[in-house]
Amino acid sequence: MPNENRMTCEKFNRDLFLYIDTGLPVEQIEFYSEHLKYCSGCRKLLEETEELLALSSTALGEDIGDAKFEFMVSKTLAKKQPGLVKKFFLPEKNKKENSFRLGKIALSSVLVIIAVVVSLLIVKPYAVPAEITNSGMMDWNGEEFNLKISELSDELNGDEWNEEEAELLFINERINQLLK
Amino acid sequence: MINITEDNLIQKCSKGDADAFAPLMKIYRQRLFSYLFKLCGNRITAEDQFQETLIKVWRAFPKYDERNKFSSWLFSIAHNSAMDALRKKNLHEFLEYNEESEFETGTDDPHMELINSEAHKIISRAVDQLPIKQREVFLLRVNGEMTFKEIAEATKEPLNTVISHMHYSVKKLRKILRQEYAE
């Protein structure tokens, strides 16, 4: 019996804080409560611990003061919430959160690359299809352009004008001869 | 007169009502500052961390899950904020902190007289002597009124480790108190 008691006392000592917290199963709490009724040692341990915790909570009662508290609250409420973009990329003080931020940046970069690739692949409704520009199917316009270009180049070269002038000169000469 | 309960204030803050923030934080003001003061070891760092905590709590309020205990949520934020700040500072210097308590003396205020009592001074000094992990758990239990399960979640330590820290801290405090009273 004394051995059994000692074991219970050791267990109670180990579970003391969970007993105070009522963080144990109901049966366990009931068992220890029963044990405490006749074990003065465990009862004393429990009372002393509870007393120490109660004393500590009042002993450690520091205060910041009304003026500072009011000032800090108003400063807190005056502070703007960071914007969505800033929130997303803002460097965090926490190391883990910082690596999470790098992940966010990497993810954003990948999304931008995907967007660029997709925009290049998508057929634009008003764009000239590639097969048309590549296979010379622009002849409907091209011929017209070519004609105008050759006319202009002829004009610039002056060949056609020279021929006409020569013909006119020839006709003029013939008329003069006939008149003679 | 309308009795504005803590729950009402929490609900209002969750909805972004700035008027409810000061009265709500006033409820926890002393406990929160005491915790930060004892954890950080000096008033200046504690005040900085108090301000940081207020900002973080207000910003995080829209995400607060009302199923969780508010005090545990509040002290978890304060704890993480203070530990980050302390990690940035020279932790070694912080661990060796053994400053004299800053309690005022010679006041007519009966409350202050109670605080200034010998036992309180001894406990305050004894807590300063605890190693950081033990002090952390002890203060979260005493000031934060958190359960050990909640402390384990906040500190990201296993429950057994947290309880073990508490055992050691209480044992040390008891030893220091016995020595002080024996002298």
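Each chain carries its own residue numbering, running from 1 in the written order of its sequence. All chains are assigned letters beginning at A, and all ligands numbers beginning at 1, according to the order in which they are written. Given that this is a predicted model, residues contribute local features only at a pLDDT of at least 70 and side-chain atom pairs are listed and counted only at 80 or more, while totals for whole chains, interfaces and linings are drawn from all residues. Derived side-chain values reflect all non-hydrogen atoms in the structure, with water molecules and hydrogen atoms excluded from consideration.

Enquirer: Which residues make up the overall build of chain A, and what are the values?
Expert: Strands are runs of DSSP state E lasting at least 2 residues, helices are runs of H or I lasting at least 4, and numbering of each runs from the N terminus. Scanning chain A from N- to C-terminus turns up nine helices and zero strands. Tracing chain A from N to C terminus, the helices and strands come up as α-α-α-α-α-α-α-α-α. Relative to its full complement of 180 residues, chain A shows a buried share of 20%. Considering only contacts in chain A between residues 6 or more positions apart, those separated by 24 or more positions represent 36%. Partly exposed residues are those whose accessible area sits between 20% and 50% of the maximum for their type, while under 20% is buried and over 50% is exposed, using a 1.4 Å probe and protein chains only. Two residues form a contact once any of their heavy atoms are found within 4.5 Å.

Enquirer: How would you sum up the overall build of chain B? Please name residues and give values.
Expert: Assigned secondary structure in chain B consists of ten helices and zero strands. Going residue by residue from the N terminus, the α and β elements of chain B occur as α-α-α-α-α-α-α-α-α-α. Residues counted as buried form 51% of the 183 residues belonging to chain B. When contacts within chain B are restricted to residue pairs at least 6 apart in sequence, long-range pairs at least 24 apart make up 64% of them. For the area figures, the Shrake-Rupley method with a 1.4 Å probe applies, and any residue is considered shielded solely by the protein chains shown. Per element, the accessible surface of chain B, about 9,300 Å² overall, is 50% carbon and sulfur.

Enquirer: Mind laying out the side chain of B:Lys38, listing which residues take part and the relevant values?
Expert: Its place among the elements puts B:Lys38 in helix H2 (residues 21-40). A polar contact is formed between the side chain of B:Lys38 and the side chain of B:Asp128, at a distance of 2.9 Å. Polar contacts, as used here, are pairs of N or O atoms within 3.5 Å; protein pairs need one atom able to donate a hydrogen and one able to accept it. Residues neighboring in sequence count only if both atoms are side-chain atoms.

Enquirer: Pulling in residues and values, what's your account of the confidence of the model for chain A?
Expert: This prediction gives chain A a mean pLDDT of 78; 72% of its residues lie at or above 70. The least confident element of chain A is helix H7 (residues 130-134) of chain A, whose mean pLDDT is 57; the most confident is helix H2 (residues 26-38) of chain A, at 92. pLDDT measures how confident the predictor is about each residue, on a scale from 0 to 100.

Enquirer: Report on helix H9 (residues 148-155) of chain B, specifying residues and quantitative values.
Expert: With six of eight residues buried, H9(B) lies mostly within the body of the structure. Of all the positions in H9(B), only B:Phe148, B:Glu150, B:Ile151, B:Ala152, B:Ala154 and B:Thr155 are classed as buried.

Enquirer: How would you sum up the packing of aromatic side chains? Please name residues and give values.
Expert: All names here are of chain B. Only centres within 6.5 Å qualify two rings of Phe, Tyr or Trp (six-membered ring in Trp) as a pair; their planes then separate them into stacked at under 30 degrees, edge-to-face at over 60, and tilted for everything else. Tallied over the entire structure, the rule returns 18 aromatic pairs over all chains. Measuring from centroid to centroid gives 5.6 Å for Tyr 35 and Phe 75, while their planes differ by 70 degrees, and the two rings are edge-to-face. With Tyr 35 in helix H2 and Phe 75 in helix H4 (residues 70-88), the pair connects residues that are 40 residues apart, well separated along the chain. The same class applies to Tyr 35 and to Phe 75, which are both buried. With centroids separated by 5.7 Å and ring planes inclined at 90 degrees, the aromatic side chains of Tyr 64 and Phe 70 adopt a geometry described as edge-to-face. The exposure class assigned to Tyr 64 is buried, which follows from its relative accessible area of 8%. Chaining the aromatic ring pairs together yields one cluster made of Phe 21, Tyr 28, Trp 58, Phe 61, Tyr 64, Phe 70 and Trp 73.

Enquirer: Tell me about the confidence of the model for chain B, residues and numbers included.
Expert: Residue and element names in this part refer to chain B. Per-residue pLDDT for chain B has a mean of 80; in total, 81% of the residues score no lower than 70. Across chain B, the secondary-structure element scoring lowest on mean pLDDT is helix H5 (residues 91-95), at 50, and the one scoring highest is helix H3 (residues 43-60), at 91. Taken together, the stretch residues 95-107 has pLDDT below 50 and engages in 29 contacts with residues farther than four places along the chain or on a different chain.

Enquirer: Got a sec to walk through the interface of chain A and chain B? Specific residues and values, please.
Expert: In this assembly, 38 residues from chain A lie in contact with 45 residues from chain B. Buried area is understood as the total, over both parts, of accessible area removed when two parts are fitted together, assessed with a 1.4 Å probe. Carbon and sulfur atoms make up 63% of the surface buried where chain A meets chain B, a total of about 4,000 Å² over both sides. Summed over the three residues of chain A that lose the most area to chain B, namely A:Phe17, A:Leu60 and A:Glu62, the buried surface amounts to 20% of that side. For this analysis, a salt bridge means a side-chain nitrogen from Lys or Arg found within 4 Å of a carboxyl oxygen belonging to Asp or Glu. Seen at the junction of chain A and chain B, the total is six salt bridges. For B:Glu47, the salt bridge identified is with A:Lys68, shortest N-O distance 2.8 Å. At the boundary of chain A with chain B, the tally comes to eleven residue pairs in polar contact (both at pLDDT 80 or more). Of all the elements in the fold, those that place two or more residues in the side of chain A that touches chain B are helix H1 (2-20), helix H3 (40-59) and helix H4 (66-78) of chain A.

Enquirer: Describe the packing of H3(A) against helix H10 (residues 159-182) of chain B, naming the residues involved and giving the relevant values.
Expert: Where H3(A) contacts H10(B), the two axes come as close as 11 Å, and the packing angle between them is 85 degrees. In terms of orientation, H3(A) and H10(B) fall into the roughly perpendicular class. In contact with A:Leu45, A:Glu48, A:Thr49, A:Leu52 and A:Leu53 of H3(A), H10(B) contributes B:Met166, B:Val170, B:Leu173, B:Arg174, B:Leu177 and B:Arg178. Residue classes follow a fixed rule: Ala, Val, Leu, Ile, Met, Phe, Trp, Tyr, Cys and Pro count as nonpolar, while Asp, Glu, Lys and Arg count as charged, and any other residue, Gly among them, counts as polar. Residue classes in the contact of H3(A) with H10(B) are distributed as seven nonpolar, one polar and three charged. In this analysis an axis means a line fitted to C-alpha atoms, helices contributing only their contacting stretch, and an angle means the value between N-to-C directions, from 0 to 180 degrees. In these notes the angle categories are as follows: under 35 degrees is roughly parallel, over 145 is roughly antiparallel, 65 to 115 is roughly perpendicular, and the rest is oblique.

Enquirer: Can you break down the nonpolar core residue by residue, with the values?
Expert: In terms of nonpolar packing, the biggest core is built from 77 residues, with A:Phe12, B:Phe21, B:Phe50, B:Phe61, B:Phe70 and B:Phe138 touching the most fellow members. The leading source of residues in this core is H2(B), at twelve residues. What B:Phe138 contacts, discounting residues up to four positions off in sequence, is A:Leu53, A:Ser56, A:Leu60, B:Val127, B:Leu130, B:Met166, B:Ser169, B:Val170 and B:Leu173. Among buried residues, the Ala, Val, Leu, Ile, Met, Phe, Trp, Tyr and Cys ones that are joined through side-chain atoms within 4.5 Å form a nonpolar core.

Enquirer: Provide a residue-level description of the pattern of salt bridges, including the pertinent values.
Expert: Here the structure, examined in full by the defined rule, presents 16 salt bridges over all chains. A salt bridge links B:Lys69 to B:Glu150, with the shortest nitrogen-to-oxygen separation between them at 3.4 Å. One end of the pair, B:Lys69, is in the loop between H3 and H4; the other, B:Glu150, is in helix H9, and 81 residues separate them in sequence. Put simply, B:Lys133 and B:Glu157 hold a salt bridge, and the shortest N to O gap is 3.1 Å. In this pair, B:Lys133 sits in helix H8 (residues 132-142) while B:Glu157 sits in the loop between H9 and H10, placing the two residues 24 residues apart along the sequence. Salt bridges sharing common partners tie together A:Lys44, A:Glu48 and B:Arg174.

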